[in-house]
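# Topology and contacts: notes
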Amino acid sequence: MSEDNIYRDLGRSFSEWFDYVLEAAEVYDYGRYPVKGMGVWLPYGFKIRENVLKVLRGLLDSTGHEEILLPLLIPENIIGKESEHIRGFEDQVYWVTHGGLEPLDVKLALRPTSETSLTYLESFWIKSYKQLPKKYYQVVSIFRYETKATRAMVRVREVSTFKEAHTLHEDFNDCERQVIEAIEVYSKFFNSLGVPYVISKRPEWDKFAGAIYTIAFDTLLPDGRALQIGTVHNLGQNFTKVFEVRIHKSDGSIDYGWQTSYGISERALASMFAVHGDRRGLVLPFHIAPIQIVIIPLITAETRDEVFKYSRNVYEALTSRGYKVYEDLRDELRPGEKFYYWEFRGVPLRVEVGIKEVEGGYVTLFRRDTLERIKVESKELLEKIELIADEYNKNLSNRAWQTFKSKITRFTNIDEAKKFLSSGRGIIELPWCGGYECGLKLVEVLDCDALGTPLDAEVVEDNCAVCGTKANTIMRLAKKY
């Protein structure tokens with residue numbers, strides 16, 4: 001989608017549109033709570049969040065993951081035991097130093113993530129390969145003292161919808177298998193939301209602290225900036241060696257376990273709101289919407305009873321099929337105001353019922369994705385809505401992917417890429433030799449961020465855009481949030 005096309009008429013930038021829609025649609029209240037970087041999920045937004053997590057939990061549960069709930073507080077001696085990990089988070093940790101008025105003997109961290117606390121526990125829980133693989137996950141709040149400018153749902157200090165998975169394996173090969181499974185789970189998850197993405201291996205200088213390597217999912221928001229929406233980490237034995245997680249292996253030997261971890265936050269919801277939204281407000285996927293169909297009776301004093309009866313019959317027919325339906329009977333709002341209200345909240349379908357519909361034996365159906373208004377015979381309504389429900393999400397996804405792909409551009413030299421970034425935004429791809437110094441040079445010269453290299457190997461015919469030697473991969477770069 002084009003930022004100019006969508007937001008120009010509103011006189012707002014994408015960022016302003018995003019903040020306005022979250023508040024006006026009563027999804028998420030940000031900026032008024034008196035602690036910076038913390039927002040409040042409002043009832044409508046919480047229902048959307050709940051439906052998104054239902055999709056994610058279903059994918060995780062079906063692949064053998066088990067949900068747990070770890071303590072929020074991590075003792076300093078535990079979180080600091082893995083030195084590389086704590087160096088990666090030391091400037092972002094919130095510390096609890098007092099219990100009431102008494103100073104604590106050991107400072108307690110509000111978890112920035114849970115690799116250390118869970119690995120500590122696994123040293124007691126897991127002793128044999130017969131217990132493996134072990135796949136845990138939890139959906140919790142994490143806290144990071146984000147020093148950059150905070151932004152609703154995208155860059156916050158309390159990440160209130162953090163799904164973190166942690167797995168333990170007998171050997172490296174099974175660990176690698178789990179990385180592939182995690183990527184498949186996340187791909188299905190974002191596909192379900194209709195959110196497009198690229199999957200990249202992060203460069204060495206930008207991997208997760210304590211990981212062997214990091215795989216990341218990135219999307220583009222309508223302003224052309226990239227947003228990281230999911231990560232998968234192969235942790236190897238970096239944490240298990242520190243916390244003495246020793247496993248009796250199937251060959252009779254004893255070795256440290258192997259781990260992965262992977263996480264998704266409310267950025268997944270932010271990207272869903274952003275890539276599907278338009279000048280009228282939210283556009284929600286059919287299975288995610290708290291209200292899938294809203295019925296709006298169009299009445300006069302003379303037709304009130306007749307229209308309400310017809311409307312109620314439509315409501316009962318739809319709810320009997322399991323659709324989430326709301327019948328808007330508010331007298332204080334005119335029909336046009338109700339149309340705007342529900343369109344802004346992203347309700348996929350609107351059913352209009354007036355005396356013309358009653359007398360003609362039909363309803364008027366409005367689609368939020370295409371903005372089409374069509375007449376449907378009452379006896380065909382259930383069949384028609386079933387067809388629309390099936391194609392609705394496909395339409396959102398296809399539209400989002402088409403726009404996304406149009407904003408990925410490959411160049412052969414830095415000057416071309418730099419000119420492109422100065423006039424627009426998106427993801428650029430450049431041939432890269434894989435050298436550390438050349439990678440950092442790309443970031444410096446282009447004044448953007450490295451997303452990483454594609455997972456799928458491809459033959460690169462060009463030379464490195466920096467040093468001119470034979471390139472062996474492609475570096476993806478973009479302006480990031």
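Now for a quick tour of the structure.

Thresholds applied
- Residues numbered from 1 in each chain as written.
- Predicted model: local features only at pLDDT ≥ 70, side-chain atom pairs only at ≥ 80, totals over all residues.
- Heavy atoms only, no water.
- Phe/Tyr/Trp six-rings, centres within 6.5 Å; stacked < 30°, edge-to-face > 60°.
- Helix = DSSP H or I, 4+ residues; strand = E, 2+ residues; numbered from the N terminus.
- Buried < 20%, exposed > 50% of the residue type's maximum accessible area, 1.4 Å probe, protein only.
- Lys NZ or Arg CZ within 6 Å of the ring centre and 35° of its normal.
- Patch = residues over 30% accessible without salt bridge, like charges linked within 9 Å, V, L, I, M, F, W, Y side chains within 5 Å.
- Areas by Shrake-Rupley, 256 points an atom, 1.4 Å probe, with all protein chains shown as cover.
- Salt bridge = Lys/Arg side-chain N within 4 Å of Asp/Glu carboxyl O.
- Lys, Arg positive; Asp, Glu negative; His and termini not counted.
- Charge placed at Lys NZ, Arg CZ, Asp CG, Glu CD.
- Contact = heavy atoms within 4.5 Å.
- Pairing = 2+ DSSP bridges.
- Axes fitted to C-alpha atoms, helices over the stretch in contact; angles between N-to-C directions.
- Core = buried A, V, L, I, M, F, W, Y, C linked by side-chain atoms within 4.5 Å.

### Section: the packing of aromatic side chains
With the rule as written, the count across this model stands at 25 aromatic pairs. Summarising the aromatic geometry, the rings of tryptophan 205 and tryptophan 432 are spaced 6.4 Å apart at their centres and angled 75 degrees between planes, so their arrangement reads as edge-to-face. Of the two residues, tryptophan 205 is situated in the loop between strand E9 (198–201) and strand E10 (213–220) and tryptophan 432 in strand E21 (residues 427–432); the sequence distance between them amounts to 227 residues. The partly exposed category is assigned to tryptophan 205, whose relative accessible area is 25%. Summarising the aromatic geometry, the rings of tyrosine 340 and phenylalanine 344 are spaced 5.7 Å apart at their centres and angled 35 degrees between planes, so their arrangement reads as tilted. Here tyrosine 340 pairs with phenylalanine 344, and both are found in helix H11 (residues 335–344), just 4 residues apart, close to one helical turn. A connected cluster of aromatic rings, assembled from ring pairs, spans Tyr186, Phe189, Phe190, Tyr197, Phe217, Tyr262, Trp401 and Phe404. We note arginine 345 situated over the ring of tyrosine 341; from NZ or CZ to the ring centre the distance is 3.6 Å. Sitting over the ring of phenylalanine 366, arginine 350 keeps its end group 4.1 Å from the ring centre.

### Details of a negative patch on the surface
Negative charge collects at one region of the surface, where Glu377, Glu380, Glu383 and Glu386 lie side by side. Looking at where glutamate 383 falls in the secondary structure, it is placed in helix H13 (residues 381–406). On the accessibility criterion, glutamate 383 (54% relative accessible area) is exposed.

### Considering the side chain of threonine 240
Topologically, threonine 240 is positioned in helix H8 (residues 238–242). Setting aside its immediate chain neighbours within four residues, threonine 240 contacts Thr119, Leu168, Val245, Tyr256, Gly257 and Gln259.

### Re unusual backbone geometry
Cis rather than trans, the peptide bond between leucine 132 and proline 133 has omega equal to -5 degrees. Note that proline 133 resides in the loop between helix H6 (115–125) and strand E7 (134–143). Even without glycine at this site, glutamate 244 takes up a positive phi of about 60 degrees. Within the fold, glutamate 244 resides in the loop between H8 and strand E12 (246–248). Phi at aspartate 447 is positive, roughly 55 degrees, even though this residue is not glycine.

### Comments concerning the sheet that holds strand E6 (residues 102–110)
Strand order across the open sheet formed by 3 strands is E4-E6-E5, with antiparallel pairing between neighbours. Looking at the sheet topology across the chains shown, the edges are occupied by strand E4 (73–75) and strand E5 (94–99). Each strand axis lies, on average, 45 degrees off the axis of its neighbour in the sheet, ignoring direction. Here E5 pairs with E6 via 5 bridges, running antiparallel. Its bridge partner lying in E6, tyrosine 94 is registered against leucine 110.

### Considerations on the pattern of salt bridges
Counted under the stated rule, the structure contains 30 salt bridges. Two residues, glutamate 391 and arginine 367, come together in a salt bridge whose shortest N-O distance is 2.4 Å. With a gap of 24 residues between them, glutamate 391 in helix H13 and arginine 367 in strand E18 (residues 362–367) connect regions that are remote in the sequence. Each of Arg280, Glu343, Arg350, Glu352 and Arg373 takes part in salt bridges that share partners, so that together they form one network.

### Some points on the sheet that holds E21
If you walk across this open sheet you meet the 11 strands as E3-E7-E8-E14-E11-E10-E9-E22-E23-E21-E20, and the pairing is mixed. A strand with exactly one partner marks an edge of an open sheet, and here the two such strands are strand E3 (66–67) and strand E20 (408–410). The sheet contact formed by strand E11 (residues 226–236) and strand E14 (residues 258–264) spans 5 bridges and is antiparallel. Bridging across to E14, valine 232 finds its partner in tyrosine 262.

### Notes on the nonpolar core
Among the nonpolar cores identified, the biggest contains 67 residues, and Val27, Ile48, Met153, Phe189, Phe190, Met272 and Phe273 are the most heavily contacted of them. Apart from the residues lying within four places of it in its own chain, the contact partners of valine 27 are Leu22, Val40, Trp41, Leu42, Tyr44, Gly45, Ile48, Phe273 and Leu282. Core analysis: the second largest hydrophobic core is formed by 24 residues, Ile293, Leu382, Ile388 and Ala389 among them.

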